[in-house]
Amino acid sequence: MSDADRIPAAQLPPGTVRRVGDWAVGNADGEYFAVSRRCRHQLAGLAEGSIDADGSLVCPWHQSRYDVGTGEMVEGPQGFLGYHGPTPGYTQSVRTYAKWLRLRVGRAVRRGEDVVVED
């Protein structure tokens, strides 16, 4: 395990998401998670995302929502390129595609002062 696979826990308070190597690592009310860091919609950096009230990871670009336990997209994008708004047919096709290409899920655990990502 390299330093690229860890982050000081102090830099990951509840409600935050950070980039840790190839991972988007977050703290959903004290529960750490790690998922691959690129959105399946338009490859936005999920480490810039947020955590909603349900504990889902929300993409910063078009608000696709991901279950951090399974990597599944649970709500499709709310826009395309620079547009933010309804895209019913497009959103459904992205969600269908994302069912086969889920986010990779790692295991994020607290070890001493750090949160460590394990594949």
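Residues numbered from 1 in each chain as written. Predicted model: local features only at pLDDT ≥ 70, side-chain atom pairs only at ≥ 80, totals over all residues. Heavy atoms only, no water.

Peer 1: Give a detailed account of the sheet that holds strand 3 (residues 23–28), specifying residues and quantitative values.
Peer 2: On the basis of which strands lie adjacent, the open sheet formed by six strands has the order 1-12-11-4-3-2 and antiparallel pairing. The open sheet terminates on both sides in strands that have one partner only, identified here as strand 1 (6–8) and strand 2 (17–20). For this sheet the average axis-to-axis angle between neighbouring strands, irrespective of direction, equals 25°. Relative to strand 12 (residues 114–118), strand 11 (residues 105–111) runs antiparallel, the two being bridged by five bridges. Note that in strand 12 the partner of Val-109 across the bridge is Val-116. (Pairing = 2+ DSSP bridges. Helix = DSSP H or I, 4+ residues; strand = E, 2+ residues; numbered from the N terminus. Axes fitted to C-alpha atoms, helices over the stretch in contact; angles between N-to-C directions.)

Peer 1: So what about unusual backbone geometry? Which residues, and what values?
Peer 2: The backbone phi angle of Asp-29 is positive, close to 55°, even though this residue is not glycine. Topologically, Asp-29 is positioned in the loop between strand 3 and strand 4 (31–36). We classify Asp-29 as exposed; its relative accessible area is 72%. At Gln-63, a position not held by glycine, the phi torsion is positive, near 60°. With respect to the secondary-structure elements, Gln-63 resides in the loop between strand 6 (57–58) and strand 7 (65–66). (Buried < 20%, exposed > 50% of the residue type's maximum accessible area, 1.4 Å probe, protein only.)

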